[in-house]
Amino acid sequence: MVCSSSLVRLSLTLLLLTGCERKASQPRRALVIAQPRAVESLDPPRNTTAEGAQVVSLLYEPLIRIDGASGRVMPGLAARWSVAPDGRTWTFHLRRGVRFHDGSPFDAKAVVYTIDRLRNSRHPHYHQGYAAWQNIVRNITAIEETGRFTLRLVTKRPFAPFLRNLAIFPLGIVKAQPLDRAISKTVALTPVGTGPYRISSHQRDEVILTRNPHYWGPKANVERLVFRAIKERRQRMLGLQSGTLDVAFGLAPADRPIVQLHPELRLQRGRGDNVAYLAMNTRRAPFDDVRVRRAINHAVDKGLIVKLGFQGLATVAHGALPPSVWAYTSKIKRYSYDPARARRLLGSVGYDPERPLRLYVMSTPRPYFPSPVLVARIIARNLARVGIPITLVVKSHAEHLAAVGRGEHDLCLLGWVGDNGDPDNFLYMLLDRDNARIGSAQNVAFFDHSKVHELLIAARQELNRAQRKELYLRAQQLIAEEAPWVPLAHSEYDVGVRHDIRGLSLSANGIIDFARARF
Amino acid sequence: MATALVPLVIAAAVAHEVTLTRLELSLEIRARKNAQIALNLLLQHVQRVRDEVEAFARAPDLIELLTLQPSLVPALVRERARVMTPAVVEVADRRGKTVARANAPGANAPPEKTFHGGLALLKALNFERYITLAQVGKDVVIRAAVPVVDNEFSLRGVVISTVALDDDLAGYFKGVLRAEVAFVANNRMVGTTFLQRGRTMGRAELLTQITKALGADHPVLSLGGDDDGEFVVAAIPLQSAAGERVGSIVVGLDRDEFITARRGAQRALLFAFIVALFVALAGATMFGGHITVPLSRLHRGILAMAKGDRSHPLDIDTADEIGELARSFHDMRLALDEHERRLADRISELSTLHHVGRTLGSVLELDAVLRIVVTELSKVLRVERCALLTLREKDGELLLRAHAGLGGEEGPPALPPTWLALAAAAIAEHGICVDGRHLAVQLETRDKALGALVLARAADLPEFSEAAMHLAETFAGQAAAAIENAGLYQAVRRFSEGLEREVEKRTAELRLANVELERTLSELKETQTQLILSERLAGLGSLVAGVAHEVNTPSGAIQGSVQILPETLNRTLVLGARLAEQLSADEMRRMLATLSEARPRLAKHGVRPPAEVRRQAARLQRDLSALGIKSAKRLAQKLVACGAEYLAPFVVELADRSDPNDVVALIENLAFLSRGIGAIETANKRIIRLVKALRAYSHADPDALVEVEVTDGIETTLTILHTQLRGVSLVRKYREVPKILVYVDELNQVWTNLLHNAIQALEGEGTITIETFVDGDEVGVNITDNGPGIPSDVLPRIFEPHFSTKPRGEGTGLGLGIARKIVEKHGGMIAVESRPGHTSFTVHLTVAGPRRDEATSERERV
Ligand SMILES: Nc1ncnc2c1ncn2[C@@H]1O[C@H](COP(=O)(O)OP(=O)(O)OP(=O)(O)O)[C@@H](O)[C@H]1O
Ligand SMILES: [Mg+2]
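Residues numbered from 1 in each chain as written. Chains lettered and ligands numbered in written order. Predicted model: local features only at pLDDT ≥ 70, side-chain atom pairs only at ≥ 80, totals over all residues. Heavy atoms only, no water.

### Digging into the overall build of chain A
A count of helices and strands for chain A gives 15 helices and 18 strands. Out of the 519 residues belonging to chain A, those deemed buried represent 57%. Look at the contacts in chain A between residues 6 or more apart in sequence, and 70% of them connect residues 24 or more apart. Within the structure as shown, chain A displays about 20400 Å² of accessible surface, and the carbon and sulfur contribution to it stands at 50%. (Helix = DSSP H or I, 4+ residues; strand = E, 2+ residues; numbered from the N terminus. Buried < 20%, exposed > 50% of the residue type's maximum accessible area, 1.4 Å probe, protein only. Contact = heavy atoms within 4.5 Å. Areas by Shrake-Rupley, 256 points an atom, 1.4 Å probe, with all protein chains shown as cover.)

Listed below in C-alpha cells is the structure:
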C-alpha cells in the first residue's frame with residue numbers, strides 16, 4: 001500500500017510539474033521588431049533605407065545571394081550561371097519548383113519583368129521612385145528568356161560588379177504583371193514575391209509578415225514578424241525592457257549599457273560595411289574650390305566625433321571604403337585635425353562668409369549615425385571656430401533624403417551601408433558623376449571629376465581583381481586629393497535583442513535574416 | 001472494510017500532497033517573479049542614478065566653475081549631492097584629478113583608493129557615458145560616470161556617482177516588494193533586510209543559510225526563532241556592463257501565509273477524504289491554488305501600485321471571479337500606464353493648440369491672434385524670447401508682427417539682426433533651422449510662405465531637442481493656417497465697409513468693386529478647406545480640456561479605491577483565516593460559494609437614504625433577536641448598510657459554530673472590496689473608452705478611406721462630448737445598417753458639429769434622438785433635438801460659412817458649412833427640417849463611399 005501510494009504521489013507530482021513547465025515556456029510565435037522610421041514601400045526598388053531593405057529582403061529574393069558571413073556570392077533564385085568568354089553574355093539557370101506567395105510558379109518571365117521594369121523608364125509599370133537604383137541595371141542591353149527556366153542577360157561592356165549588383169535587395173524578383181493594363185495600386189505597392197515570409201498586413205507604421213509555408217528553402221521558424229516604426233528612442237528602449245519588443249534597431253549609445261546590465265537582453269553587434277560622411281556641395285561656392293574643401297577637412301575633429309557621437313563604437317574614416325572591403329587602401333592623403341591650418345587655407349583663398357552655410361541633417365538615427373544631430377552640432381562648432389558660421393537644417397530622414405537629393409544643401413550629413421561588399425557599390429554609387437543627377441542623386445557632393453569617372457568606369461569593366469584594385473586605388477587617391485567629403489566614421493552598431501532569441505546575425509549590409517531566428 | 005478504505009487513504013494522501021506541492025510551488029514561482037521585479041527595480045534605479053549624474057554634468061554652473069574656479073567646485077558638489085539619490089558624488093578635472101567628493105546623507109563611501117584609475121573614470125575621460133554594476137572592494141555598487149562637456153564640446157571634467165547596494169537600498173526594495181531582499185557578492189552579504197527578522201543571526205551565517213536554501217530542491221530559508229519566520233527564496237544574478245557576474249539579488253517570501261493556508265487545507269482534507277475522492281481533489285486544488293494565492297497576489301499588486309510601482313506583475317490565471325478581478329485590475333494598470341504617458345505629453349501641447357485654435361476661430365483679429373501665438377508658444381517650449389515675422393507681399397520684407405520677451409514697452413523692440421537671417425533661412429528651407437539656441441520655423445499655407453517664427457532659449461537651458469523641434473513645426477503649421485483665415489476675413493470686412501461708401505458714389509465703380517468682391521469671396525471659398533483644418537484643430541482643443549477632466553475623474557476614483565483596498569484585503573484575509581479555523585471545510589466551502597455569488601450584487605449596491613436604512617435595520621434586528629443572535633442591532637445595521645440583508649439567514653445558519661460578528665465583518669469587508677473593485681472596473685472601462693475615443697477621433701489616418709459602422713463615429717463623438725451632455729437625454733434608435741466607406745476623422749466632424757449645435761440649442765435640458773436607417777443604397781443618420789427650432793428666416797442661411805446667430809466668441813458659423821462640405825465630399829447630402837420643439841438634421845451617405853476622383857481632387861487642394 002505504501003508503495004502504491006507513493007507511486008501515485010510521484011506520478012501526480014510529476015504531472016503537475018510538467019503542467020507548470022509547459023505553461024512557463026509557451027511557444028512564442030511572433031517577433032516584434034522596432035525600427036526608428038517607417039518602411040518606405042513594400043515594392044523593393046522604391047526603398048533606399050535600411051528599414052526598407054530589412055523588410056523587403058524577407059519578402060523578395062534576388063537571383064544571387066551574398067553570404068552574410070563569408071561575403072561570397074551564392075545561388076539565390078538562380079541555381080547556376082555562366083558567362084561567355086566575351087565577359088558580356090550571362091546565362092542563368094533558374095531554380096525550379098519555386099512558387100510565388102500566391103501559388104503561381106516562378107519562372108524566367110518574372111525575372112525579365114523585374115529587371116525591365118527597373119531599367120526602362122518607359123516601361124508601363126515603371127515608377128519614378130526607382131530612379132535611385134537604375135544605375136545598377138543601366139548597362140544591361142538585352143534580356144532574353146531562352147527557356148522557361150533559362151535566361152540570357154547581355155551587358156554593354158564587360159561588367160565586374162554585375163553579379164553582385166544582381167544580389168541587391170531592389171532586384172528581389174517580383175511576379176510579372178500583364179503589361180497591357182495599368183497596374184492596380186495595391187499590386188504596385190505590394191508586389192508578389194517568393195521569400196520566406198509574405199505580407200499579412202501593411203499600415204504606415206506597422207508591417208506584419210507571416211511565414212511562407214510553401215517556401216522552397218528551409219522554412220522560417222518564427223510564425224509572424226511584426227515590424228513597427230517607433231520614432232521615440234525612449235519608447236523603443238522601454239518596449240525592450242518591458243518585453244513588448246523583441247528586437248530594437250536604432251539604439252542610442254546611452255541605452256546600450258542598460259541593455260548590457262539586463263540579464264534578459266543582449267546587444268547584437270554588427271560589423272558594418274558602412275561609411276558616415278559630411279558631403280560638401282561641390283556645385284556651389286565656396287565648395288567649388290578644392291582649397292576650401294581641404295580646409296574643411298582640417299577643421300573637423302573626427303576623433304571627437306567618434307568619441308562623442310558614436311561613443312567609441314566606430315573608427316575614424318579617411319576614405320569612402322570601409323576597411324572590410326577588399327579595395328580598401330590606407331595609402332591616401334589624410335587630413336589631420338588642424339584648425340590653424342584650416343584658417344590659413346581659408347585666408348589664402350580669401351573666403352569671407354557673407355551668409356551662414358547650411359548643414360543639412362536628419363533627425364532620425366541611422367545605422368551609420370546613432371546620433372546625427374549631435375554630430376551636426378559638433379561640426380557646426382568646429383566650423384564656427386575656423387570662421388564659417390553654420391545653420392543647421394534639421395529634417396526627418398525622408399525629407400532630408402529628398403532635399404539633399406535635389407542638391408539644396410551647402411553641406412550635409414549622410415552615410416551608406418554597403419549592399420553587396422563590392423567597392424563599386426560605394427565609389428560609383430556615391431562619388432561618380434552618373435549618380436549626381438539632381439532629383440535622385442546618391443552622389444550628394446555632386447562631385448563631378450572626369451578622371452575619377454574614367455577610373456571608376458574602367459574598374460567596372462576590368463574583370464581582373466588585381467588590376468581592378470589598382471584602378472580603385474588611383475580613384476581613391478584622387479578623391480582624397482579633391483576632398484568632396486569629410487569622411488567621418490565606419491561604425492559598428494548594436495541592435496537590442498531579448499536574450500532567448502537565437503540565430504540572429506547582423507550581416508555586413510546591415511540586414512538581419514529573421515528567417516533564421518528561433519527561440 | 002479496511003480494504004475498502006485503501007483507495008480513500010491513497011486519495012487523501014495524494015490530495016494532501018497535491019495541495020501542498022501546489023502551494024509550495026506557487027510560492028516558489030512567486031519568489032522567482034519577485035526576484036525578477038527586484039531586478040527591474042534595480043535597473044530603474046540604475047537609470048535614475050545615470051539621469052541624475054547627466055543632469056549634473058550639464059549644469060552650467062558646474063561647467064563654469066570647473067573652468068574658472070575649481071576651488072569652488074566642492075561646495076557645489078556638496079549642495080548637489082544633497083538632492084541626489086544617496087550616493088558618493090565625485091568630480092574630477094579633465095586630467096582625471098579629483099576636485100571634489102561628497103557623500104549624500106546616508107551614502108556609504110567606498111574606499112577612496114579604488115576611485116583613482118577606475119575604468120569608469122577612464123571611459124568618461126574618453127567622452128563615454130558609462131554605467132555599470134561593479135564590485136568595488138567588498139561592495140557592489142552602481143557606478144555612473146559622465147563627461148562634463150562645455151558648449152564648445154571640450155572636455156571640462158567628469159562626474160562620477162557611486163551608489164552602494166547596501167542595507168538601505170535593500171530596505172527600499174523591500175518597501176516596494178513586500179518581501180525580504182538581500183544583495184550577495186563575493187561570498188558576502190552586502191545589503192539585506194533579512195537580518196531585521198533573524199535577530200539571532202549574523203551576516204555570515206545568514207549567507208550560509210541562504211546559499212544552502214538556494215541549493216535545495218525547495219528553497220526554504222529558516223531564520224530560527226518563531227518570530228523570525230521561514231522564507232521561500234529565489235535569486236537572480238547581477239552582471240556588469242562587460243557581462244561579468246558581480247553578485248546576485250535574493251528575494252525571500254514569508255511562508256506564514258503558506259502555513260496558514262496549509263492548515264486550512266489539511267482541515268479541508270480531513271473531511272473531504274470521508275466524503276469522496278473527487279470532491280476532495282477538486283476542493284483541495286480550489287482551496288489551495290485558486291483562492292488564497294490569487295487573492296494575495298492581487299493584494300500584493302495593489303500594494304505595489306499604491307506605492308507607485310506599476311511594474312509589479314499580477315499573474316493570476318484562475319477562471320473564477322478573483323481571476324477576473326485581477327485581470328481587470330491588470331488591464332486598468334496597463335491602460336493607466338499607457339495613458340498617463342501619452343496624456344502628460346499631449347495635454348500641454350494640445351491645450352495650447354486648443355487655446356490658440358479656439359481664439360483664432362472666434363477672434364479673427366490678426367494682431368490679437370499673433371500675440372496669442374507667441375505667448376503660448378513661449379510657454380510650451382520654454383523659450384525666453386520669441387518673435388513672429390510676416391512676409392510683406394509686395395517686397396518680401398520680413399516684418400516683426402508679434403513678440404514675447406523682446407522688451408520695447410516704449411517704441412518698437414529691438415530685433416537681433418541674426419534673427420532675420422535665420423527666419424529667412426527657414427522660409428527658404430520650408431522647415432526648421434537651428435543656430436545654437438536659436439530656432440526658426442516657417443509659417444506657410446498651401447505652399448505660400450507667410451513668415452516665420454523665431455525662438456530663442458536662455459543660455460542655461462539645453463539646446464532644442466528633436467521633440468521640441470517637432471512641436472514647433474506642428475504648431476507653426478496650424479497657426480499659419482489660422483493667420484491666413486484671419487487675414488482674409490479682415491480683407492472682406494474692410495472691403496464691405498468701404499463698399500457702403502462706394503455705393504453712394506458711382507454705380508460704375510460699384511460694378512468694378514463687385515468683381516473685386518467676388519474675387520475675394522471666391523478666394524475665401526478656396527480657403528474653405530484650410531478652414532476645415534483649423535476647425536478640426538479647434539475641435540481637438542476643446543476636447544482636450546474635456547478629456548483632461550474626464551480622465552481625472554476616473555483616476556480619482558481609482559486612486560480612492562486603491563488607497564483603501566490593501567487594508568480591506570488584509571482584514572478580509574485575516575477574517576477568512578479565522579473563520580477557516582472555526583468552520584468545517586464543507587461549511588467553509590459553502591460560505592465562500594455564497595459570498596462569491598453575492599459579490600456582483602454587493603458590488604452594485606448603492607447608498608440608501610438613512611431613514612430607509614434605519615427602518616430596514618429595525619426589522620432585521622427583530623428577526624435576528626428572535627433567533628437568539630447576540631448584538632443583533634449592530635449586526636442588522638451593518639448588513640443593511642452594505643445591502644446584504646438577504647444574507648442574514650446565512651449568518652444565522654453559521655451562528656452556532658462561528659462568531660456572527662466575524663461573518664458579518666467578512667461580508668462587510670467583501671462588500672466594500674467588491675464595491676471598490678467595481679469602481680475601479682468602471683473607472684478603468686471609462687478611461688479605456690476615452691483613450692480609444694480620443695485616439696479614434698484625432699489619430700485616424702486622414703488619407704485613408706475606411707469601412708466603418710456609422711454608429712462607431714457617432715459613439716466616439718458622444719464619448720468625447722460627454723461632459724457637455726449633462727442634463728440632456730439621449731435616445732438611440734440604431735438599426736442594422738451596412739458599413740460605409742468614409743474618411744473617419746472628417747465624418748466625425750460632421751457628428752461633432754451637428755451634436756454640438758443640438759446641445760447648444762437645448763441649453764442644458766431636452767432630448768437628442770439619434771436614428772440610423774437604410775434608404776436604398778444609402779445609409780441615413782437623423783439627429784433630432786427638441787430645442788427652440790430654427791426661425792424660418794434663418795433656416796435658408798444656416799449652411800453659409802460665417803453665418804451664426806450665436807454671440808461672438810461662441811459660434812463661428814462654420815460648423816454646418818463644414819459638415820455639408822464633408823458630407824458632399826462623401827457623395828452624400830444633408831437636409832434640415834425645423835419647427836419649434838423639433839429640429840432635425842438628416843445625413844445621407846452612400847454605402848460605396850465618395851467617388852474616387854472627387855475625393856482625390858479635394859485632397860490635393862488641401
Ligand atoms: N439644432 C439647432 N437648433 C437651433 N438652431 C440651430 C441648430 N443647428 C444650427 N442652428 C443654427 O444654425 C446656425 C449655424 O450653425 P453652425 O453650426 O454653422 O454655426 P454655429 O453653431 O453658430 O458656430 P460654430 O459651429 O462655429 O460653433 C447657428 O448659429 C444656429 O442659429
Ligand atoms: Mg455649430
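### Structural notes on empty space enclosed by the protein
Taking a probe equal in size to a water molecule and rolling it over the atoms shows the remaining empty space. Residues and elements named next belong to chain A. Inspection of the entire model under this criterion finds 12 cavities of 30 Å³ or more. For the largest cavity, the calculated volume is near 230 Å³. Surrounding the largest cavity, 18 residues form its lining, F249, G250, R366, P367 and Y493 being those nearest its centre. Its residues assigned to classes, the lining of the largest cavity comprises 9 nonpolar, 4 polar and 5 charged. (1 Å grid on protein atoms, 1.4 Å probe; cavity = no way out; pocket = protein on both sides within 12 Å on 5 of 7 lines; lining within 4 Å. Points joined across faces, edges and corners; volume = space filled by probe spheres on them. Nonpolar A, V, L, I, M, F, W, Y, C, P; charged D, E, K, R; others polar.)

### Focus: the pairing of strand β1 (residues 30-35) of chain A
Residue and element names in this part refer to chain A. β1 sits mainly inside the fold: 5 of its 6 residues count as buried. As defined by bridge partners, β1 adjoins strand β10 (residues 224-229) across 6 bridges and the pair is classed as parallel. For I33, the partnering residue across the bridge sits in β10 and is F227. Relative to strand β11 (residues 247-248), β1 runs parallel, the two being bridged by 2 bridges. Its bridge partner lying in β11, I33 is registered against V247. (Pairing = 2+ DSSP bridges.)

### A closer look at the nonpolar core
Residues F92(A), L488(A) and F514(A) are the most contacted members of the largest nonpolar core, which totals 184 residues. Grouped together as the second largest cluster of nonpolar side chains are 69 residues, V259(A), L41(B), L65(B) and V89(B) included. (Core = buried A, V, L, I, M, F, W, Y, C linked by side-chain atoms within 4.5 Å.)

### Brief notes about the pattern of salt bridges
Residues and elements named next belong to chain A. The tally for this structure, following the rule as stated, stands at 41 salt bridges over all chains. The residue R355 makes a salt bridge to D410 at a minimum N-O spacing of 3.0 Å. With R355 in the loop between α10 (339-349) and β15 (357-362) and D410 in the loop between α12 (397-405) and β17 (411-417), this pair connects stretches of sequence that are 55 residues apart. Overall, the relative accessible area of 1% leaves D410 in the buried class. Residues D422 and R468 are paired through a salt bridge, measuring 2.9 Å at the closest nitrogen-oxygen approach. (Salt bridge = Lys/Arg side-chain N within 4 Å of Asp/Glu carboxyl O.)

### Focus on a positive patch on the surface
All names here are of chain A. Taken together, the side chains of R138, K156, R157 and R437 present a region of like positive charge at the surface. Residue placement: R157 occurs in the loop between β7 (150-155) and α4 (162-166). Note on R157: relative accessible area 43%, which makes it partly exposed. (Patch = residues over 30% accessible without salt bridge, like charges linked within 9 Å, V, L, I, M, F, W, Y side chains within 5 Å. Lys, Arg positive; Asp, Glu negative; His and termini not counted. Charge placed at Lys NZ, Arg CZ, Asp CG, Glu CD.)

### Quick look at the sheet that holds strand β21 (residues 829-835) of chain B
Residue and element names in this part refer to chain B. In space, the 5 strands of this open sheet follow the order β17-β19-β20-β22-β21, with mixed pairing throughout. Strands at the two margins of the open sheet, each flanked by one partner only, are β17 (728-733) and β21. Neighbouring strand axes in the sheet, compared pairwise and without regard to direction, differ in orientation by 15° on average. Where strand β19 (residues 766-775) meets strand β20 (residues 778-785), 8 bridges bridge the pair, whose relative direction is antiparallel. When the sheet's bridge partners are listed, I768 is paired in β20 with D785. (Axes fitted to C-alpha atoms, helices over the stretch in contact; angles between N-to-C directions.)

### Things to note about the packing of helix α22 (residues 744-762) of chain B against helix α23 (residues 815-825) of chain B
Residue and element names in this part refer to chain B. The geometry of α22 relative to α23 is characterised by a closest axis approach of 9 Å and an angle of 145° between their N-to-C directions. Our pair here, α22 against α23, has a crossing hand that is left-handed. Contacts from E746, L747, Q749, V750, N753, L754 and N757 in α22 reach G815, L816, I818, A819, I822, V823 and K825 in α23. Here the residues of the contact of α22 with α23 are counted per class, giving 8 nonpolar, 4 polar and 2 charged. (Left-handed = near helix turned anticlockwise from the far one by under 90°.)

### Points about the environment of L455(B)
Residues and elements named next belong to chain B. Considering the arrangement of structural elements, one finds L455 in strand β15 (residues 448-456). Taking the relative accessible area as the measure of exposure, L455 reaches 0% and is therefore buried. Each C-alpha atom, one on L455 and one on R382, is 9.5 Å from the other, the two residues being 73 residues apart in sequence. Apart from the residues within four sequence positions on either side, L455 is in contact with L377, L381, V383, R385, C386, R437, H438, L439, F464 and A472.

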